[in-house]
Amino acid sequence: METYLNQNFGGVLPKNSSEDALQRWRKVCGVVKNPKRRFRFTANLSKRWEAAAMKRSNQEKLRVAVLVSKAALQFIQGLTLPSEYTVPEEVKAAGFQICAEELGSIVEGHDIKKLKIHGGVDGIANKLSTSATNGLPTSGESLKIRQEIYGINKFTESVARSFFVYVWEALQDMTLMILGSCAFFSLIVGILTEGWPKGAHDGLGIVASIFLVVFVTSTSDYRQSLQFKDLDKEKKKISIQVTRNGFRQKISIYDLLPGDIVHLAIGDQVPADGLFLSGFSLLINESSLTGESEPVFVTAENPFLLSGTKVQDGSCKMLITTVGMRTQWGKLMATLSEGGDDETPLQVKLNGVATIIGKIGLFFAVVTFAVLAQSLILHKLRDGTFLAWNGDDAMLLLDYFAIAVTIVVVAVPEGLPLAVTLSLAFAMKKMMSDKALVRHLAACETMGSATTICSDKTGTLTTNHMTVVKACICGDIMEFSGPGDGSSMRSQLSENVSNILLESIFNNTGGEIVTNQHGKTEILGTPTETAILEFGLSLGGNFKEEREGVQLVKVEPFNSAKKRMGVVIRLPQGGYRAHCKGASEIVLASCNKVLDSAGNAVPLDEDGAGLLMGTIENFANEALRTLCLAYMEVEDEFSANQQIPTDGYTCIGIVGIKDPVRPGVRESVAVCRSAGIVVRMVTGDNINTAKAIARECGILTEDGIAIEGPEFREKSLGEMMELIPRIQVMARSSPLDKHTLVKHLRTLFNEVVAVTGDGTNDAPALHEADIGLAMGIAGTEVAKESADVIILDDNFSTIVTVCKWGRSVYINIQKFVQFQLTVNVVALIVNFSSACFTGTAPLTAVQLLWVNMIMDTLGALALATEPPNDDLMKRTPVGRKGNFISNVMWRNIFGQSFYQFLVLWYLQTEGKHLFGLEGPSSDLTLNTLIFNTFVFCQLFNEISSREMEKIDVFEGILNNYVFVGVPLRHRHLPIHHRPVSRRFR
C-alpha cells in the first residue's frame, strides 16, 4: 500500500507543491461519496489561476503606467497645468477636497500629471486634511466621517458559512441519497404489504439513522470551521507605526485611513496605497502584487507605493491615499482567499488510503449483494416459486441492496482526510495558547518529522533585552552597570570625544526616541539600536538636539549581508561627515585612524589594531555582542546619489552588548537531543560570541564544529558534505549562507529542516526550509509572511513545544487510521462471510450507519484530540522516509480484526446454543447480541488504539475529556435488531 500511495499520492510537499502534483492526486482519487465534504480543505486551483492572471494583469498595468508617467513627466516639466478636477459635493461637505476614486487613479496609475495638478504630495495631504508632521487629528467624529468617505482598509472576504450549509453538504453524500431512496421504497412497499405502523419500521429506521449521521457530521464540521475562523483572526493581527495627533503610535493596519502618516522600515509590508513623503534608500519589492522580481526605487520623483508590496531596503514616511478594496492588493487578496491553502501531505495520503479501501469496499458490496440475491433466487427455485414474486421478496431484495450500499458507506473512509484536518485544527488552537501561531496547516504535521532545527541566536536563544555593559573608548575599557554610570563615564571622556560619540549614536541609527501619546519617552527600533540609544541617553545626550543640529544627507540602513550601516550628515558649520557602525572586525578593518584620549585622530598602527582586536575577542569570549563605531570627514561635496565611503574611517570605540540566554533553553536543547533532533545555531555575530552562547545553551559539543560564513562559502561541495553533519555553529553568516546550509541539509542529507528567522533577508531560508519559523516580536512582516509558524514569544522552548505538538498530530492520525481500518476490515469480512455461508447479513443498513457515525465523527474526535505527552520527545523523528502505516499498525489492525471476527463468527454460529435461545424471536435476539458485541468491540478497539506499542492503554486517559466523553455516547446506540419477519431464513 505504501508504494502505491507514494507513486500516486506522494508528490504533494508540505509547501510549494507543483500544480502538476496537486492535479495528479485529484485525478487518481476515486470512489468519493461526498466530494464537497471530502475536498473541503483542499486548494481551489481555479481561483488560484484567477489570482495568477490578476498578477499578470497588474504587472502589465504598472509597466504601462510607469512608461506613461515618464513620458508625462518629460512633457509637463516647466508647464503650468490647469485643474480639471471637480470635487464631489459629499466629499466637499465632509471637509475634503479630493475623492477616493481620484486618489486611486493617481497612485494605481502612477499618474504624475494628475499628481502635479493636485499640487504634488503636499497638495494631496492638504486636500485630505492631514499634516505630514502631525498626522491625522482623531478628535470627535473625524475618523468616522473619513471612513464613510474613503472606506476601510479591509478586503472582502467570503461570507462565513452557517450551520445549515454544512447540513446541506452532508446531505450531498451519494450513498446516503441512495439509502434515502431505499428507505422511501421500503416505506411504500412496507405500508402496502404490512400496513401502518408495522410496515414503516424499516424505512423510518433508515431515515432516522441518515438524519442523525447528517446532524452529527455537520455539527462536527461546523465546530471545526469556527476553530479555523478564530485562527484566521489571529493571523490578521498586524500592527504598523503611524503618527496621529503629533504622536507616534502602533495601530492595526485595518484601522488605517487615507491621510494617515505611516512609518515604514526594512521588512514591512506596505499596508495601503500611498505616496512617499520622506526617507532614504527606499527599495520596494512588488513581486507579491505583480510577479516582477526586480525591486523598484521609490523617491520623491517616483513617489507611488502600492499596498501589499514589501520594503526590501531603506525606510520612509508615507501618506496613505487609498485603502481596502479600492486597491489592487485588496482585489487580489479577495481572490486569493477563495483559493485556500494547499492540502497537506497527510491529507493527500489519507485520500489515497480512502480510495484504496473504497475500491475494496465497493467490490465486497457488489459481491455481498450478488451472494444474498443468489441465495434468495436459489431458495425460490427450490420452492418452485421463482415465477411468483411478492412484496416480501421485493422488500428482501431492497434490504440486500441497502446492506450493500451501507457496506460502501462504512468501507469508504471519508473521515480519514477530515480527521487530519480535525487533528490539525485542534492542535493549532492549543498551540495558540502555547504562543505559536500556525499559518499553514501542513506545518503542524511536518514539524513532527523535523530532524534539524537551524536557530537564530538573538531573541530566540537569548532574551533580546540588550544593554551596553562594556565599552572601549580611546583605548580605555569602561564597565557600565546601569544608567547611573553614564555621567561618570562621560566625565572620563574629553568634550571632543563625547561630542563625536553622541553624534554617531543619535544620527547613525535605525531607531528613534519619541514622546508617545501618554507623554512618556519611548525608544523605537531593534533591541540592538535600543541598547545603543539608551547608552547615548545615559551619557547625557539629547536625541532631538543632535538630530536638529545636523542635516541627514544619506542613510544606508543596516544590512545583514554587509553587516554595517552608515550615514552622511551635513555639519552646521559646513562640510560633511560620514558615520559607520556594525560588526566590529568588519568596521575596524575600514579604519586607518583611532581617536586618542584628547579626541585627536591618530594613525592606527599594528599595535593599536591588535589591542582593539584583542578587546573585541575578550568581549566576545564573555558572550557580548560587539559593535564598532567610526567616522570620517568627507572633504568634497556630497549628494544623496553618491555611495557612502567604505574605508578611511577613524575608530571611535567598541561597545559590548549583553543579551542573556533565555531561561530553559539549555533544557530545551537537551530535550531536542533526546528526541533525535539536531540543533544548529546560525548567527551574524562574532564567532567567539557565538561559541560562548552555544556552549551556554548546550548546542556546541566536543565533537561539533563552529565555522564562519565566509569560510563556509569557500568550501567545495565535497568538503561541505564532510563538514555539514558536524556543523553546530555558523557565525558571521549571511542570509545566503543560511539558505545554502538549509538547502544542502534537505537535498544532500534528506533532513527535515526547521529554520528560524526574523528579518527580510531570512525570507529565502524560511521559504526553502520544510518548516519556516518566524519570530513574532522581533520579526518583520516579510519574515512572518514567508513563515509557516510564528513563534509569538520568540522563545526557543516554544519551538520544542511545536515539535511535540507536531509529533502528537502525526501519532494521533496514525491511531485513528488504525482504528478505522480495523472497523472497515471487520464489517466487510463479517457481512461478506455471513452472506456467503448463511445467506444472511447480521449487520443491517441501520446498524452499519451507526457504526459509520462512530468511525467518522466520534472516533476521530476521540483519537485525533489526544494531547501530547513527554514520551513523544523520547522517540526518534519519523523523518522524510518513514512509512505512515507502520508495521506495528498492520500488526494491530490484523490482530484486532482477527480477534473480532472470531468472536462475532462464533456468536453467529454457536450463539443460540451458547445462550440457550429458542423460539421465533431467537434470530432477533441473537442478531441484537451480535450487533452489541460488535459495537463494544469497537469501543475496546478505540481504547486499545490510544497506544500502538504500550500494553497499558489506560495511562493518561483521564487527561483527555473528549476521549472520556465519546465512549459514553456509544452507550446510547440502539441495541435492538430490526424484526426479521420478512428476512429469508
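The chain is annotated in an unreviewed UniProt entry as Calcium-transporting ATPase of Platanthera guangdongensis. Of the chain, the UniProt comment under Subcellular location (unreviewed entry) reads exactly: "Membrane". Under the UniProt heading Catalytic activity (unreviewed entry), the note attached to the chain is "Ca(2+)(in) + ATP + H2O = Ca(2+)(out) + ADP + phosphate + H(+)".

Draft legend 1. Layout of the sheet that holds strand 8 (residues 436–438). With mixed pairing, the eight strands of this open sheet are ordered in space as 8-26-25-24-9-21-23-22. Each having just a single partner strand, strand 8 and strand 22 (705–708) make up the two edges of the open sheet. Averaged over neighbouring strand pairs, the angle between their axes works out to 20° when direction is ignored. In this sheet, strand 26 (residues 789–791) lies alongside strand 8 in antiparallel orientation, the contact comprising three bridges. Opposite alanine 436, over in strand 26, you have isoleucine 791 as the bridge partner.

Draft legend 2. View of the pairing of strand 21 (residues 678–682). Counting buried positions along strand 21 gives four out of five residues, so the element sits mostly inside the fold. Pairing of strand 9 (residues 452–455) with strand 21 involves four bridges; the strand directions are parallel. When the sheet's bridge partners are listed, threonine 452 is paired in strand 21 with valine 678. For strand 21 and strand 23 (residues 727–731), the ladder comprises two bridges, and the chain directions are parallel. Its bridge partner being in strand 23, valine 682 is matched across the sheet by methionine 730.

Draft legend 3. Examining the UniProt feature "transmembrane region" (unreviewed entry) in the chain more closely. In the numbering used here, UniProt assigns the feature "transmembrane region" (unreviewed entry) to residues 174–192, 204–222, 356–377, 397–427 and 821–841. Segment residues 204–222 splits into 100% helix and 0% strand. End C-alpha atoms: 27 Å apart. For residues 356–377, the helix share is 100%, the strand share is 0%, and the end-to-end C-alpha distance is 32 Å.

Draft legend 4. View of the environment of glycine 879. Along the chain, the position of glycine 879 falls in the loop between helix 33 (845–863) and helix 34 (887–915). Between the C-alpha atom of glycine 879 and that of threonine 446, which follows or precedes it by 433 residues, the distance is 9.0 Å. Discounting chain neighbours no more than four positions away, the residues touching glycine 879 are Ser449, Thr451 and Val752.

Thresholds applied
Residues numbered from 1 in each chain as written. Predicted model: local features only at pLDDT ≥ 70, side-chain atom pairs only at ≥ 80, totals over all residues. Heavy atoms only, no water. UniProt positions renumbered as here; feature names shortened; annotations may be inferred. Pairing = 2+ DSSP bridges. Helix = DSSP H or I, 4+ residues; strand = E, 2+ residues; numbered from the N terminus. Axes fitted to C-alpha atoms, helices over the stretch in contact; angles between N-to-C directions. Buried < 20%, exposed > 50% of the residue type's maximum accessible area, 1.4 Å probe, protein only. Contact = heavy atoms within 4.5 Å.

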